[in-house]
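Residue-level structural notes
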Amino acid sequence: MRFENKVALVTGGGGGFGAEIVRRFAAEGASVIVADMNSELGEKVAEEIGDAARFSQCDVRSSDDVAAAVTLAESAFGGLDIIVNNAGIVHPKQNVADMDEATYQKVMDVNLKSVFLFSRYGVPAIARRGGGSIVNVASTASLKPRAGNVIYGVSKAAVVAFTKGLAVELAERNIRVNSILPVASKTQILLDFVGPDADEQIERIASMIPLKRLGTPGDMASAVTFLASEEASFLTGVAMPVDGGWTAG
Ligand SMILES: NC(=O)c1ccc[n+]([C@@H]2O[C@H](COP(=O)([O-])OP(=O)(O)OC[C@H]3O[C@@H](n4cnc5c(N)ncnc54)[C@H](O)[C@@H]3O)[C@@H](O)[C@H]2O)c1
């Protein structure tokens, strides 16, 4: 049990990757805050886990909601050791020159400002435990920009840069900060992006990945829990592709 007596907070914990990350932490002994804007999804995952989980209604763009999620970890479970900044959105496949400012801002706020807010409000709580770990869910899009997907990739590249900078800044407080870069995986966010002829496009994407399949929530949960665990105690500032070789060649 790698996470006995640990408390983890997972944003987007009601969705594809997030729900599996929550399950994995709980299975390995952690208490978990499921922080999600979607109460139906988030409450369902928290109920599935039982006493070791609490749902926190949280829009990751809101400093009040973020502070409340951190406070809930401390009041319900006595502290906070691990934050997984997993909540994220895509924009419709759209060229930069056609994108309105509101869409740009929303992507940046959900994908990037959220990481700032959870650092601002979450780091003091982790520091009160004497240290811990933050794992940010970025994307291979941060390394390989695609037409129609530029602003999403930019938001995730900024998350990678944020991760590295924060890792350096927090090392002296015994807080490790790492990121994973998932490749396309069949969750709601991918279906939102590829649109109507999803199956055909998904097959095409899978054929371009060296290991010839998409990622899964289980792949991402394995990488996140590894980075959050003591097994990774000398890893900080890492940007780990979880991509079947997609960014290797
Ligand atoms: N699935 C992929 O192909 C893929 C690839 C690379 C990176 N990612 C990244 O992985 C992360 C998880 O994505 P997923 O595939 O599980 O997507 P998903 O759409 O299945 O889940 C996203 C979750 O985030 C929540 N969420 C969205 N906006 C929120 C907000 N403002 N506040 C709080 N919660 C919010 C949703 O309610 C949902 O539960 C995202 O950051 C995404 O960018 C996904």
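Residues numbered from 1 in each chain as written. Predicted model: local features only at pLDDT ≥ 70, side-chain atom pairs only at ≥ 80, totals over all residues. Heavy atoms only, no water.

This part covers the overall build of the chain. Along the chain, the regular secondary structure elements total 8 helices and 7 strands. Taken against the 2.2 N^0.38 rule, which gives 18 Å for 249 residues, the C-alpha radius of gyration of the chain at 17 Å falls within 12% of a compact globule. With the C-alpha coordinates aligned to their principal axes, the bounding extent of the chain is approximately 45 × 35 × 35 Å. Burial status across the chain gives 50% buried among its 249 residues. (Helix = DSSP H or I, 4+ residues; strand = E, 2+ residues; numbered from the N terminus. Rg over C-alpha atoms; globule rule 2.2 N^0.38 Å. Buried < 20%, exposed > 50% of the residue type's maximum accessible area, 1.4 Å probe, protein only.)

We now examine the environment of L181. Tracing the chain through its elements places L181 in strand β6 (residues 175–182). On the accessibility criterion, L181 (1% relative accessible area) is buried. Non-local contacts of L181, meaning those with residues more than four positions away in its chain, are made with A138, S139, T140, S142, L143, V160, A239, M240, P241, V242 and D243. (Contact = heavy atoms within 4.5 Å.)

In this section: the pattern of salt bridges. Scanning all chains against the criterion turns up 9 salt bridges. Put simply, R2 and E231 hold a salt bridge, and the shortest N to O gap is 2.7 Å. Within this pair, whereas R2 is found in the segment before β1 (7–11), its partner E231 is found in the loop between α8 (217–228) and β7 (239–242), the two being separated by 229 residues in sequence. Classification of E231 by relative accessible area gives exposed; the value is 54%. Two residues, E20 and R23, come together in a salt bridge whose shortest N-O distance is 3.0 Å. In this pair, E20 and R23 are both assigned in helix α1 (residues 16–27), 3 residues apart and thus about one turn of the helix distant. The partly exposed category is assigned to R23, whose relative accessible area is 30%. Taken together, the shared-partner salt bridges connect R2, E28 and E231 into one network. (Salt bridge = Lys/Arg side-chain N within 4 Å of Asp/Glu carboxyl O.)

Let's shift gears to the site of the ligand. The ligand sits among 29 residues. The nearest are F17, D36, N86, Y152 and T187. Interatomic distance of 3.0 Å between a backbone N/O atom of G16 and an oxygen atom of the ligand. The backbone of M37 places a nitrogen or oxygen atom 3.3 Å from a nitrogen atom of the ligand. Notes on the ligand: free accessible area 830 Å², of which the protein chains cover 93%. (Near = heavy atom within 4 Å. Polar contact = N/O pair within 3.5 Å; in protein donor to acceptor, adjacent residues only side chain to side chain. Areas by Shrake-Rupley, 256 points an atom, 1.4 Å probe, with all protein chains shown as cover.)

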